[in-house]
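# Survey of secondary and tertiary structure
Residues per chain, in single letters:
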Amino acid sequence: MKAEKPLRLGVAGLGTVGSGLLTLLKEHGPAIAARCGRRIEVSGVCARSKEKKRAADLSELVWFDDPAMLAADPGIDVFVELIGGDEGPARKSVTAALAAGKHVVTANKALLASHGPELAELAEKNGVALNFEAAVAGGIPIVKTLRESLLGNSISRVYGILNGTSNYILTRMQREGFPFAEVLAEAQALGYAEADPTFDVDGHDAGHKLSLLAALAFGVRPDFAAIHLEGIRGITPADFRAAEELGYRIKLLAVAVRTESGIEARVSPTMIPKSSALAGVDGALNCVAVEGDFSGLILLAGPGAGARPTASSVVSDIIDIARGQVWPPFILPSARLKSKPTAQMRGHEGGYYIRLSVYDRPGAIAAIATRMAEQRISLESVVQKREAPDLPGFGRPGQEGDATPVVMITHRTREDALRAALDLIVKDGHVQGTPQMVRIEAL
Ligand SMILES: NC(=O)c1ccc[n+]([C@@H]2O[C@H](COP(=O)([O-])OP(=O)(O)OC[C@H]3O[C@@H](n4cnc5c(N)ncnc54)[C@H](OP(=O)(O)O)[C@@H]3O)[C@@H](O)[C@H]2O)c1
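Read on for a plain summary of the structure. Along each chain, residue indices are assigned from 1 in the same order as the chain's sequence is written. Only residues with pLDDT of 70 or above have their local features reported here, since the model is predicted, and side-chain atom pairs are shown and tallied only from 80 upward, although totals for entire chains, interfaces and linings are computed over all residues. Neither water nor hydrogens contribute to the side-chain values; these are computed over all heavy atoms in the structure.

### Structural notes on the overall build of the protein
Stated formally: Strands here are runs of E lasting at least two residues and helices are runs of H or I lasting at least four, both read from the DSSP assignment and numbered beginning at the N terminus. Only the C-alpha atoms count toward the radius of gyration. The rule for a globule is 2.2 Å times the residue count to the power 0.38. Pairs of residues are marked as contacts when any of their non-hydrogen atoms sit within 4.5 Å. Method for areas: the Shrake-Rupley scheme with a 1.4 Å probe, in which residue coverage is limited to the protein chains shown. Positive charge is attributed to Lys and Arg, negative charge to Asp and Glu, and no charge count is given to His or to the chain ends. For this purpose, a charge sits on NZ of Lys, CZ of Arg, CG of Asp or CD of Glu.
From N to C terminus, the protein includes 13 helices and 17 strands. Relative to its length of 443 residues, the protein is compact, with a C-alpha radius of gyration of 25 Å against a globular reference of 22 Å. Look at the contacts in the protein between residues 6 or more apart in sequence, and 75% of them connect residues 24 or more apart. Accessible surface, the protein: about 19,000 Å² in total, of which carbon and sulfur atoms supply 52%. Counting 49 positive and 51 negative side-chain charges, the protein places the centres of these two groups 3 Å from one another.

Given below as structure tokens:
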């Protein structure tokens with residue numbers, strides 16, 4: 001039998017993931033060639049600085065200064081985009097590669113969350129692959145699981161812990177009792193968090209990934225702007241203490257769920273039962289869960305970032321191409337993807353954790369309970385804390401006129417009803433500051 005021609009890669013971006021890819025191909029090249037029936041070779045590379053010292057030997061490879069030139073070069077079959085960013089060189093070069101009829105493999109969630117539909121359309125038009133396993137949860141093979149293994153199911157919910165930095169911070173806060181700012185500063189000093197942590201702690205990164213998961217699970221167009229985002233900055237040690245007593249863990253949870261009013265997609269700090277599998281996913285780990293009507297609950301956990309895990313996912317996408325497997329990027333042809341996730345958070349239904357700073361005055365708690373009852377919100381528990389609180393503005397607990405933390409758990413209720421009740425409770429003047437509200441996810 002005639003040996004197949006090698007698959008020629010153009011690799012743009014030689015940072016964490018790009019170097020991991022070159023290392024993996026060097027270590028496992030022969031085994032991969034045996035498994036997929038053809039050799040995979042790197043023909044051209046590109047990064048910002050040619051002079052930068054790199055771990056891999058690039059002397060045999062053709063260097064390109066411009067990723068878009070590499071993308072369209074006749075000497076490559078697959079363009080591997082490992083630059084990052086939703087605009088600029090990444091968008092330009094991926095578009096150039098697809099337009100030139102090259103397959104594309106990318107780890108870039110920001111690019112796909114913002115421009116996925118138009119890039120998918122271009123890939124389909126040119127009959128090439130646009131593969132992105134590494135873009136969601138690093139080394140965890142969740143894209144293939146949804147794209148291949150669970151295709152026979154109707155999926156009701158996909159959710160997970162998708163950002164290692166915020167999970168590391170929440171884990172430290174829970175274990176050590178430190179406030180957010182202190183743990184963030186420590187994470188920054190150790191290199192676990194960026195100098196500008198917005199992307200991680202405000203939910204943007206998890207939102208990018210969730211928009212791709214929602215597209216694969218529910219056939220909706222990936223649309224980052226349609227994801228409801230809340231970050232972890234407002235979570236306090238008092239919330240962790242209350243969660244511990246009530247049997248919950250607090251995680252930055254990304255959830256896309258089929259509801260009667262459409263697909264709801266949100267990233268927010270969420271209370272989950274301590275007994276659930278996700279509650280034990282600590283530190284920088286990621287975990288993704290999928291509920292299929294025939295498969296049942298599928299859980300995948302592992303490293304969500306890092307050179308080697310991410311390279312593992314990039315290579316799995318390259319191997320698919322080497323084996324001749326080319327599918328529409330978001331499973332359905334892009335013209336058949338439904339409009340973006342549609343359900344509004346005001347219609348969200350579930351249990352809630354509420355923490356209020358209630359002035360110690362006769363009738364205050366009764367007045368709050370009345371406001372809840374007016375909105376038909378039933379309370380599962382109300383706990384008034386007499387401990388010395390760590391929140392600014394609290395006086396001596398137990399003194400008339402001072403504020404005391406009150407923690408409430410609601411039964412299943414609509415979010416708009418709860419928000420209306422909290423607005424009135426604030427207006428009534430019985431509470432100090434803004435109420436804390438955290439959704440509870442039944443897992
Ligand atoms: N790091 C992870 O664990 C991880 C996990 C999953 C997904 N991802 C995704 O993978 C992608 C790459 O991430 P990374 O962590 O590897 O980034 P990185 O370490 O910052 O590397 C980025 C690379 O892109 C190159 N680059 C930047 N601007 C360029 C330009 N205008 N032209 C050519 N090359 C340019 C840089 O060149 P120089 O080396 O010369 O500066 C560098 O080699 C991102 O989309 C990221 O979201 C990363």
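From this point, things continue past the structure.
### Things to note about the packing of aromatic side chains
Just so we agree on the cut-off: The rule is short: rings of Phe, Tyr and Trp, with Trp giving its six-membered ring, pair when the centres are within 6.5 Å, and they are stacked under 30 degrees, edge-to-face over 60, tilted in between. Here's how the labels work: a residue is buried when its accessible area is under 20% of the maximum for its type, exposed when over 50%, partly exposed in between, all with a 1.4 Å probe on protein chains only.
Scanning the entire structure with this criterion turns up two aromatic pairs. Where Phe132 meets Phe330, the ring centres are 5.3 Å apart and the plane angle is 40 degrees; that geometry is what we call tilted. Within this pair, whereas Phe132 is found in the loop between strand E6 (130-131) and helix H5 (142-149), its partner Phe330 is found in the loop between helix H11 (307-322) and strand E13 (349-359), the two being separated by 198 residues in sequence. Judged by relative accessible area, Phe132 falls into the buried class, the value being 0%.

### Some thoughts on H11
We count it as follows: How far a helix is expected to stretch is found by multiplying one less than its residue total by 1.5 Å.
Along its 16 residues, H11 runs 22 Å from first to last C-alpha, staying within 8% of the 22 Å computed at 1.5 Å per residue. Most of H11 is tucked away, with 12 of its 16 residues classed as buried. The complete set of buried residues in H11 reads Pro309, Thr310, Ala311, Ser313, Val314, Val315, Asp317, Ile318, Ile319, Asp320, Ile321 and Ala322. Phi for Gly324, located one or two positions after H11, is positive at around 85 degrees.

### Looking at the nonpolar core
In a soluble, globular protein the nonpolar side chains are often hidden away together inside. The condition is simple: Here, the term nonpolar core denotes a set of buried Ala, Val, Leu, Ile, Met, Phe, Trp, Tyr and Cys residues that are joined through side-chain atoms within 4.5 Å.
One finds Phe79, Leu146, Ile169 and Phe218 to be the most contacted residues of the largest nonpolar core, which totals 75 residues. Examining the composition of this core, we find that nine residues originate from one element, helix H9 (residues 204-218), more than from any other. In this view, Leu146 contacts Leu151, Ile155, Leu213, Leu216, Ala217, Val290 and Ile331; residues no more than four positions away in its chain are not counted. The next biggest cluster of nonpolar side chains, apart from the first, holds 31 residues, and it includes Leu21, Leu22, Ala134 and Ala311.

### Observations concerning the site of the ligand
To be explicit about the condition: Throughout, near means a residue has at least one heavy atom within 4 Å of the molecule or strand. Polar contact is defined as a pair of N or O atoms within 3.5 Å, subject to the rule that within protein one atom must be able to donate a hydrogen and the other to accept it, and that residues adjacent in sequence are counted only when both atoms are side-chain atoms. Think of it as three bins: nonpolar holds Ala, Val, Leu, Ile, Met, Phe, Trp, Tyr, Cys and Pro, charged holds Asp, Glu, Lys and Arg, and polar takes everything else, Gly as well.
Near the ligand, the surroundings consist of 23 residues, among which Leu14, Val17, Ser49, Arg54 and Gly306 are the closest. Contact between the ligand and Val17: an oxygen atom at 2.9 Å from a main-chain N or O atom of the residue. Interatomic distance of 2.7 Å between a backbone N/O atom of Gly306 and an oxygen atom of the ligand. Notes on the ligand: free accessible area 900 Å², of which the protein chains cover 78%. Among the residues making up the shell around the ligand, the classes are represented as 11 nonpolar, eight polar and four charged.

### Let's talk about the environment of Ile318
Tracing the sequence through the fold places Ile318 in helix H11. Residues Ile318 and Phe79, spaced 239 residues apart in sequence, show a C-alpha to C-alpha distance of 9.8 Å. Ignoring any residue separated from it by four or fewer positions in sequence, one finds Ile318 in contact with Leu7, Leu9, Leu21, Ile40, Val80 and Val105.

### With respect to the packing of helix H12 (residues 364-374) against helix H13 (residues 415-428)
Applied cut-off: Between N-to-C directions, angles cover 0 to 180 degrees, with each direction set by a line fitted to C-alpha atoms, over the stretch in contact for helices. Geometric relationships in this document are graded by angle, where less than 35 degrees denotes roughly parallel, more than 145 denotes roughly antiparallel, 65 to 115 denotes roughly perpendicular, and other angles denote oblique. When the near helix sits turned anticlockwise from the far one by under a right angle, the crossing is termed left-handed; a clockwise turn instead gives a right-handed crossing.
Contact geometry of H12 with H13 gives a least axis separation of 9 Å together with a crossing angle of 150 degrees. Judged on the interaxial angle alone, H13 and H12 are roughly antiparallel. Two packed elements cross with a definite hand, and for H12 against H13 that hand is right-handed. Contacts between H12 and H13 pair Ile368, Arg371 and Met372 from the former with Leu418, Ala421, Leu422, Leu424, Ile425 and Asp428 from the latter. Among the residues making up the contact of H12 with H13, the classes are represented as seven nonpolar, no polar and two charged.

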